[in-house]
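# Structural overview for review
This is what each chain is made of:
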Amino acid sequence: MFSKILIANRGEIAVRIIKTSRKMGIKTVQVYSEADAGSLAVEMADEAVLIGPAPAAQSYLLADKIVEAVRQTGAQAVHPGFGFLSENAGFARRLRDEGIAFIGPNPEAIEAMGDKISSKKLAAEAGVSTVPGHMGLIETPDEAVKIAREIGYPVMIKASAGGGGKGIRVAHSDADMAEGFAAVKAEALNAFGDDRVFLEKFIVDPRHIEIQVLGDKHGHVVHLFERECSIQRRNQKVIEEAPSPLLDEATRAAMGAQAVALAQAVNYDSAGTVEFVAGQDKSFYFLEMNTRLQVEHPVTELITGVDLVEQMIRSAWGEKLAFEQKDLAINGWAIESRIYAEDPYRGFLPSIGRLVRYEQPQEGDQGDYTVRNDSGVREGDEISMFYDPMIAKLCAWGETRDDAVRGMARALEDTHLAGLGHNVPFLAAVMDQERFQSGQLSTSYIKDEFPEGFHGLTPTPEQVKILIACAVAMNEVIAEQDGDPSERTDWTVLLDKTAHAVEVGYDEAEDLVVVIDGEEVSLSEIDWRPGLSLFKAVLDDDAFTAEVKRVADGFDIRHRAVRARVRVLRPDVAHLYALLPEKQAADTSKLVLSPMPGLVVDIPVTEGQEVKSGETVAIIEAMKMQNILKAGRDGKVKAVKAKAGDPVAADDVLVEFD
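Presented here is a report on the structure given in the accompanying data block. Note that the structure is a prediction, hence the values are computed from the model and not measured. (Residues numbered from 1 in each chain as written. Predicted model: local features only at pLDDT ≥ 70, side-chain atom pairs only at ≥ 80, totals over all residues. Heavy atoms only, no water.)

### Things to note about the overall build of the protein
This is how the line gets drawn: Strands are runs of DSSP state E lasting at least two residues, helices are runs of H or I lasting at least four, and both sets are numbered from the N terminus onward. Taken over C-alpha atoms, the radius of gyration is set against a globule rule of 2.2 Å times the number of residues to the power 0.38. Whether a residue is buried, partly exposed or exposed follows from its accessible area with a 1.4 Å probe, protein chains only, as a fraction of its type maximum: under 20%, in between, or over 50%, in that order. Contacts are assigned to residue pairs with any non-hydrogen atoms lying within 4.5 Å of each other. The charge count includes Lys and Arg as positive and Asp and Glu as negative, but it does not include His or the ends of the chains. The atoms used to mark charge sites are NZ of Lys, CZ of Arg, CG of Asp and CD of Glu.
Secondary structure summary: the protein contains 17 helices and 40 strands in total. Relative to a compact globule of 658 residues, whose C-alpha radius of gyration would be 26 Å, the protein shows 27 Å and is just as compact. Expressed as lengths along the three principal axes of its C-alpha atoms, the size of the protein is roughly 80 × 65 × 55 Å. Classification of the 658 residues of the protein by burial places 57% in the buried group. The contacts of the protein with a sequence gap of at least 6 include a subset with a gap of at least 24, amounting to 64%. Here the protein contributes 70 positive and 106 negative side-chain charges, whose respective centroids are spaced 6 Å apart.

Structure representation (structure tokens):
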């Protein structure tokens, strides 16, 4: 077995590889950019080598730097993780030529399946169901429009070398195609160094289901069942689960057999994923093959008990698979939520910055569910604009899907982040939705369920009790600690603008008894003191965690996807609050603001120019994605406040109209 491997990646996947390497008694070398000098992965690895500045093109994407680090440290193998050089056949071939093991598939398999155009042709030849489309290269927007009309809208524009949700657009019209084609080519060139683009039919109301395959260098290939990854936004997976609530045993077996056949057709070894787009009728079509470890691999590990990173290492060493297909079975259900540094209240735009607070849920067996949290950052770390904004992959396993959903909801409650925007409230909202709980998923789920964007959810009657009980309990604790406990038992609690009559007392067990609008609840096992961000307690018989913050006139409280300003007031004071006028928001109707921190790619308008509603006025790049900003109304440009190449912060003014 290898004695030392080098990890050519960063963040949570680097930490993940280090953990398995430690378990196997293998030393690790972590390469890092200047931006990652103080990272958790660098701290955990046995050795670390600086390979360049923050931009990936000057560090993690430089094969020369990786090979030099291998030679410098005496590592015998390289694990590429996902992204960066993980699906670069040239890199894998160079390592082989240099006598360095590549912990991934052979370069011929990467070459055959890594290119989305050639892989579809190979899949069709192998008898795998494929989506209708145009697999040839397309050079111009006019050519793209012509082909799209032949296929029939809607059509998906995809970068041939793409991955991770980058370089993808859906066009519903000729105008969409012309604009999207240019944007995809630009994104593909920037992210992958390859601007080739192809088109395929977009399946309406589809589901995204993928099969995990695993092979060795002796011709053996098995599949480890499926993952459903239908909850996506901007073609980026957000929530994944294994198995899929759609599939029956027959469909599962058919998809697995096709995935294995395709892998065997290209002599595939190591871990890989065959992705399918599936109809609600259980029809399925080959989408692409990812010749690497997937971000969402933990859910497969949780339901099969197989460590995929370990198997990749063993395969690279030359070992035969220690199990056959008949030895594998599905045990329970697992869900993964990707926690991102992004603001769901602002269209999921990136929100880079420092993690001022990061409290993670306790991992391991929690009774009815099990928690796993794969994270590459710690409290105090910075989420950089140069890389993917993922903070963690939070997983919950349960014996049934309902158990896993409930477990994930509780694990999200126990997650607290501060210092930047994050999508935890949104993830919690999905767990609480009846549609998700029923398993009625599709890749348009987020657009369908949140057509006007995410603004949180309305509190359920149970959550109203939680919010009020939290505020009352904190009010009591603060008064006690201040040495001024009130003898008052009757209060008015304002939940935002809604008033609730509340009576407070204690029972014989010293548990807090709260009567809310005539309904009595008991709050016990209270775990909170001033300064803590999480309030933990048991309301009647149900444990919960709420995120809390003390403010001048009350508390800001968030429970899952519900957040509110809660004030505990004397009834006469509450009456005065009701008379206060609401603060008016500033008028920004004449301004185009940067929705996120990033770099200005282009401002295609000039002072004095007449602009029509819907015209592009700015293009901002952040987290390797280009974001096109359009005019919301007709108008004349009064001033242009930024130029190409300028760094901008969220809400910086880019263009001002008369």
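Once you've had a look at it, read on.
### A word on a negative patch on the surface
We count it as follows: Residues enter patches when their relative accessible area tops 30% and they take part in no salt bridge; the joining distance is 9 Å for like charges and 5 Å for the nonpolar side chains Val, Leu, Ile, Met, Phe, Trp and Tyr. Residue burial considers only the protein chains on display, and all accessible areas are found by Shrake-Rupley using a 1.4 Å probe. What counts as a salt bridge is simple: a side-chain nitrogen of Lys or Arg found within 4 Å of a carboxyl oxygen of Asp or Glu.
Together, Glu520, Asp540, Asp541 and Asp542 make up a negatively charged patch on the protein surface. Looking at where aspartate 542 falls in the secondary structure, it is placed in strand S30 (residues 542–551).

### Focus on the layout of surface pockets
Convention followed: Using protein atoms alone on a 1 Å grid, points that fit a 1.4 Å probe yet trap it form a cavity, whereas open point sets bounded by protein on both sides within 12 Å along at least five of seven lines form a pocket; residues with an atom within 4 Å of a point count as lining. Grid points are joined across faces, edges and corners, and a volume is the space filled by probe spheres set on the points.
Of the volumes computed, that of the second largest pocket is approximately 700 Å³. Lining the second largest pocket we find 27 residues, and of these Arg406, Ala409, Arg410, Glu413 and Arg560 sit closest to its centre. Those elements that place two or more of their residues in the lining of the second largest pocket are helix H12 (401–413), helix H13 (424–432), helix H16 (461–481) and S30. The dominant element in the lining of the second largest pocket, judged by the number of residues it contributes, is H12, at 8 residues.

### Re the packing of aromatic side chains
Keep this limit in mind: Aromatic rings from Phe, Tyr and Trp, with only the six-membered ring used for Trp, were paired whenever their centres fell within 6.5 Å, and each pair was classed as stacked if the ring planes differed by under 30 degrees, edge-to-face if by over 60, and tilted otherwise. Placement of a charge over a ring requires the Lys NZ or Arg CZ to be within 6 Å of the ring centre, with the centre-to-atom vector within 35 degrees of the ring normal.
Under the defined criterion, the tally for this structure stands at 13 aromatic pairs. Residues phenylalanine 386 and tyrosine 387 carry aromatic rings whose centres are separated by 6.4 Å and whose planes lie at 55° to one another, so their mutual orientation is tilted. Its relative accessible area of 35% is what places phenylalanine 386 among the partly exposed residues. A centroid spacing of 6.2 Å and a plane angle of 20° characterise the contact between phenylalanine 535 and phenylalanine 544, whose relative ring orientation is stacked. Each member of the pair, phenylalanine 535 together with phenylalanine 544, is buried. Counting every residue linked through ring pairs, the aromatic cluster contains Tyr345, Phe348, Phe426, Phe450 and Phe454. Its guanidinium or amino end placed over the ring of tryptophan 491, arginine 488 lies 5.8 Å from that ring's centre, counting from NZ or CZ. If you follow arginine 563 out to its NZ or CZ, it ends over the ring of tyrosine 345, 3.5 Å from the centre.

### A few points about the pattern of salt bridges
What the rule picks out here adds up to 60 salt bridges. Across the pair lysine 237 and glutamate 275 runs a salt bridge, and its minimum N-O distance is 3.0 Å. Of this pair, lysine 237 sits in strand S12 (residues 236–242) while glutamate 275 is found in strand S13 (residues 270–278), placing the two residues 38 residues apart along the sequence.

### Looking at the side chain of serine 86
In this structure, serine 86 sits in the loop between strand S4 (77–79) and helix H4 (89–97). Among the residues examined, serine 86 registers a relative accessible area of 2% and is labelled buried. With sequence-adjacent residues up to four places away left out, serine 86 is seen in contact with Pro80, Gly81, Phe102, Ile110, Thr291 and Arg292.

### Observations concerning the pairing of S13
The following threshold applies: In this analysis, strands are considered paired if DSSP registers two or more bridges between them.
The element S13 is largely enclosed, with a buried count of 9 among its 9 residues. Strand direction decides the pairing type here: strand S10 (residues 207–215) and S13, joined by 9 bridges, are antiparallel. Paired with leucine 214 across the two strands is alanine 271, which belongs to S13. Following S13, the chain reverses through 5 residues before pairing antiparallel with strand S14 (residues 284–290); lysine 282 in that reversal takes a positive phi of roughly 75°.

### Focus: the sheet that holds strand S39 (residues 647–648)
Heads up, the rule is: Axis angles are defined between N-to-C directions and span 0 to 180 degrees, where every axis is a line fitted to C-alpha atoms and, for a helix, only to the segment in contact.
The antiparallel open sheet is built from 4 strands, whose spatial order is S37-S36-S34-S39. The two strands at the open ends of the sheet, each matched to only one other strand, are strand S37 (625–630) and S39. Relative to S37, strand S36 (residues 616–622) runs antiparallel, the two being bridged by 6 bridges. For isoleucine 620, the partnering residue across the bridge sits in S37 and is asparagine 627. Taken strand by strand, helix H8 (residues 174–192) contacts S36 and S37, and its axis lies near 150° from that of S37.

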